[in-house]
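Survey of secondary and tertiary structure
Chain by chain, the residues run as shown.
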Amino acid sequence: MTVVSRHPVQRLQPFTETIFAEMSRLATEHGAINLGQGFPDSDGPASMLAAAQQAIADGHNQYPPGPGVPELRQAVARHQSTEYGLDYDPDREVLITVGATEGIAGTIVGLVEPGAEVILIEPYYDAYAAAVAMAGAVRRVVPLVPDGDGFALDRDALTAAFGPRTAAIIINSPHNPTGTVLSDDDLTLIAQLCQEHDVIAVADEVYEHLIFDGRKHHPLATWPGMRERTIRISSAAKTFNVTGWKVGWLSGPADLVGAARTAKQFMSYVGSGPFQPAVAHALDHEMDWVAESAAALERKRTLVSDALREAGFGVHRSEGTYFVCADPRPLGFHDGDEFCRTLPERAGVAAVPVSAFVDDAATWQHMVRFAFAKDDKVIVEAAARLARLR
Ligand SMILES: *Cc1c(COP(=O)(O)O)cnc(C)c1O
């Protein structure tokens, strides 16, 4: 091995190419409707957009304080107290990050020693594996398994994955890419195992408000004994339809948040200055908008799921997020990668293969993810195109 190479370092080599870029390129090339990418078609609440413009006009254009502007930290703390009865000190237990992505990376790099293990639930959001690799840590993957028309944790595999080298577990509920909401029983098991093995939980709850069918989100930090060992991560991106603003936050006990901050301050130091007061405003005043947005998404979930079923796919139950997973095998397609590579040309629609989110490609090889945070008109047109696959 040479000391200086022009290639990414070894531990990052698995992360050079993302399938998402390739699928988006194919979508553009074939004029396909892009149900691959996970961002919404419409903007966030008008008062929040106006507050950001006002913040720029008012001169909030220099470095904000390292932990984030106080009014946003206070709004984040207030929000969690109102929603879940979780009380965090906005000065010591809340940190504003450059999106949830930096919150995840800062937490793992700041808290996990090289060589220690981090448990991920498969399929997993790609940024988790990259954060673990950047920390020089080792990921240990536990699968979701089919449960009726949805998914649940493989509880035996989860129990077996915890051991003396386990430093942390990252969970994500509602879950990207499957739309699974972990059951209270699954969360209870996670809470037990974390306490038994003295493991830190990182709860990626960016879809906390995008949950369907009358269900209510239950943060892992509300389980007995878990507030002291959980970093809870959320973001304005999915809550307020502003994926380009990169305003995220994490909350947890002061020592864990402090460790994440140690790493975070040398990743970006700070970010999104004028957007921070705007998000504070939205957390305080626009939760009705969020509820309406979630209700609209629930309807879109049903539209896309029905369209896929009509078109002949096997369709998994999506209980939240922007996503639904489908199985094209009944249509004669057994390889999700290949199916997604040819779908833009074949049907004028783009999706992404779930194999991009897993280590164990064989089990998930057939499955594909469709995003439904799109205009109704776009969904109707996509449905018509998919119907021609039969
Ligand atoms: C979109 C997404 C993120 C990233 O959020 P940002 O605030 O844009 O960094 C993190 N986790 C999951 C599961 C996501 O889907």
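Here's a quick rundown of the structure. (Residues numbered from 1 in each chain as written. Predicted model: local features only at pLDDT ≥ 70, side-chain atom pairs only at ≥ 80, totals over all residues. Heavy atoms only, no water.)

All right, on to helix H9 (residues 254-264) then. Each α-helix turn comprises 3.6 residues. Residues three or four places apart therefore point the same way. Buried residues of H9: Leu256, Val257, Ala259, Ala260, Ala263 and Lys264, and no others. Relative to the axis of H9, the buried residues are bounded by an arc of 155° and lie together on one face. At its buried positions, H9 is contacted by strand S2 (94-98), helix H4 (99-111), strand S7 (200-204), strand S8 (230-235) and strand S9 (247-251). (Buried < 20%, exposed > 50% of the residue type's maximum accessible area, 1.4 Å probe, protein only. Helix = DSSP H or I, 4+ residues; strand = E, 2+ residues; numbered from the N terminus. Arc of directions from axis to C-beta. Contact = heavy atoms within 4.5 Å.)

This next bit is on the pairing of strand S14 (residues 368-371). Residues of S14 alternate between two faces, with Val368 and Phe370 on one and Arg369 and Ala371 on the opposite face, all of them buried. Examined bridge by bridge, strand S11 (residues 323-327) and S14 share four bridges and lie antiparallel to one another. The residue bridging Phe323 from the neighbouring strand is Ala371, located in S14. (Pairing = 2+ DSSP bridges.)

Around the ligand there are 14 residues in total, and Thr101, Asp204, Tyr207, Ser235 and Lys238 lie nearest to it. Taking Thr101, its side chain carries an N or O atom lying 2.6 Å from an oxygen atom of the ligand. Asn176 is positioned such that a nitrogen or oxygen atom in its side chain is 3.0 Å from an oxygen atom of the ligand. A class-by-class count of the residues in the shell around the ligand yields six nonpolar, five polar and three charged. (Near = heavy atom within 4 Å. Polar contact = N/O pair within 3.5 Å; in protein donor to acceptor, adjacent residues only side chain to side chain. Nonpolar A, V, L, I, M, F, W, Y, C, P; charged D, E, K, R; others polar.)

The next subject is the environment of Ala100. In this fold, Ala100 is placed in helix H4. Each C-alpha atom, one on Ala100 and one on Leu250, is 7.8 Å from the other, the two residues being 150 residues apart in sequence. Here Ala100 is in contact with Val206, Ile233, Ser234, Ser235 and Gly248, once residues within four sequence places are set aside.

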